[in-house]
Amino acid sequence: MMTNRIVNHPVLGKLEERKVIQFTFDGKQFSGCEGDTVASALWANGVKKLRVHEESGQPRGLYCNIGHCFECRVTVNGQPGVRACLTKIEENMVIESGKQLPTPLKTKGPGDHLPRTYAEYATKAETSEEENSRA
Amino acid sequence: MKGLEKIIICRCEEVDLEEIRQTVSQYGSSARETKLRTRAGMGYCGGRICRPMLDAILKKIMGDKPQDQIPLKIQPPVRPVTLARLGDGLHHDD
């Protein structure tokens, strides 16, 4: 527990004892100290990936740590878009990471266009069905 | 700037330097047009991180051509707010 926390700093001295607070991140139980932000508590536990990019699924975590960039946004107690770097942890807080979202309307390349009329859609569906049966 | 082509400029919309350079060389676009074509600077953070970078990159690529004289605009709201917050402080929880 709390492996990455600096408890004995050469300049700042010893870390004083603080109340331990329990919270969950993506269903897993973690503990942090009173006064920690969500980000610092998770970082102390070795968790740096706070969410993935909604479209590509690339991992994201702390970036500016001053509430500027919204890279560390997580869902806290059901409320989405909460900045992990500014929000202090509370007892039994339920934190969820940001997940990849479906992209049903994304085009697959330069030649791929969304159908503009139903007739276009029907021909497109037919050709893709033929391709599927051939494959 | 070799080796930096894959560096991400806009983190919200995941646009890298290569994509911006390609768009500029293909369309000869201004900072604003590049923003609209690549979505760089139009993400969740409202361009707060990458807007100055985009302006600087475009200035470097295009030089001081007159079409680049207008820097990218800052659009309200300056910080992301929920629709519920804008809705006159009314809450419909009950």
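Anyway, here's the lowdown on the structure attached to this text. (Residues numbered from 1 in each chain as written. Chains lettered and ligands numbered in written order. Predicted model: local features only at pLDDT ≥ 70, side-chain atom pairs only at ≥ 80, totals over all residues. Heavy atoms only, no water.)

Our next topic: the sheet that holds strand β7 (residues 73-76) of chain A. All names here are of chain A. The strand order across the open sheet built from 5 strands is β4-β3-β9-β7-β8, with neighbouring strands paired in mixed fashion. Two strands lie at the open edges of the sheet, namely β4 (28-33) and β8 (79-83), each paired on one side alone. Neighbouring strand axes in the sheet, compared pairwise and without regard to direction, differ in orientation by 40° on average. Across 2 bridges, the pairing between β7 and strand β9 (residues 93-96) is antiparallel. Across the sheet, Thr75 pairs through a bridge with Glu96, a residue of β9. (Pairing = 2+ DSSP bridges. Helix = DSSP H or I, 4+ residues; strand = E, 2+ residues; numbered from the N terminus. Axes fitted to C-alpha atoms, helices over the stretch in contact; angles between N-to-C directions.)

This model, assessed by the stated rule, comprises 15 salt bridges over all chains. Linking A:Glu71 and A:Arg60 is a salt bridge whose minimum nitrogen-to-oxygen distance equals 3.8 Å. One end of the pair, A:Glu71, is in the loop between β6 (59-60) and β7; the other, A:Arg60, is in strand β6, with 11 residues separating them in the sequence. For A:Glu71, a relative accessible area of 1% corresponds to the buried category. Looking at A:Arg60, the relative accessible area reads 5%, which means it is buried. Residues B:Asp16 and B:Lys6 are paired through a salt bridge, measuring 3.6 Å at the closest nitrogen-oxygen approach. Here B:Lys6 lies in the segment before β1 (8-10) and B:Asp16 lies in strand β2 (residues 15-16), a separation of 10 residues in the sequence. Among the residues examined, B:Asp16 registers a relative accessible area of 14% and is labelled buried. Overlapping salt bridges bring together A:Arg51, A:Glu54, A:Arg60, A:Glu71, A:Arg73, B:Arg11 and B:Glu14 as one network. (Salt bridge = Lys/Arg side-chain N within 4 Å of Asp/Glu carboxyl O. Buried < 20%, exposed > 50% of the residue type's maximum accessible area, 1.4 Å probe, protein only.)

Quick look at the interface of chain B and chain A now. Contact with chain B, which involves 11 residues of that partner, is made by 13 residues of chain A. Summing both partners gives a buried area of about 1,100 Å² for chain B against chain A, and 51% of it is carried by carbon and sulfur. In terms of surface lost to chain A, no three residues of chain B exceed B:Arg11, B:Glu14 and B:Tyr44, which account for 51% of the buried area on that side. There are 2 salt bridges connecting chain B and chain A. (Contact = heavy atoms within 4.5 Å. Buried area = accessible area lost by both parts, 1.4 Å probe.)

Moving on to the packing of aromatic side chains. Scanning the entire structure with this criterion turns up 3 aromatic pairs over all chains. Between A:Phe70 and B:Tyr44, the ring centres sit 5.6 Å apart and the planes meet at 45°, which makes this aromatic pair tilted. One end of the pair, A:Phe70, is in the loop between β6 and β7; the other, B:Tyr44, is in the loop between α2 (31-38) and α3 (51-62), on a second chain. Using a relative accessible area of 4% as the deciding quantity, one classes A:Phe70 as buried. Its relative accessible area of 36% is what places B:Tyr44 among the partly exposed residues. The side chain of B:Arg11 reaches across the aromatic face of A:Tyr63, ending 3.9 Å from its centre. When the ring centre of B:Tyr27 is taken as origin, the NZ or CZ atom of B:Arg37, which lies over that ring, is 3.5 Å away. (Phe/Tyr/Trp six-rings, centres within 6.5 Å; stacked < 30°, edge-to-face > 60°. Lys NZ or Arg CZ within 6 Å of the ring centre and 35° of its normal.)

Scope: geometric values only; no functional claims are made or implied.
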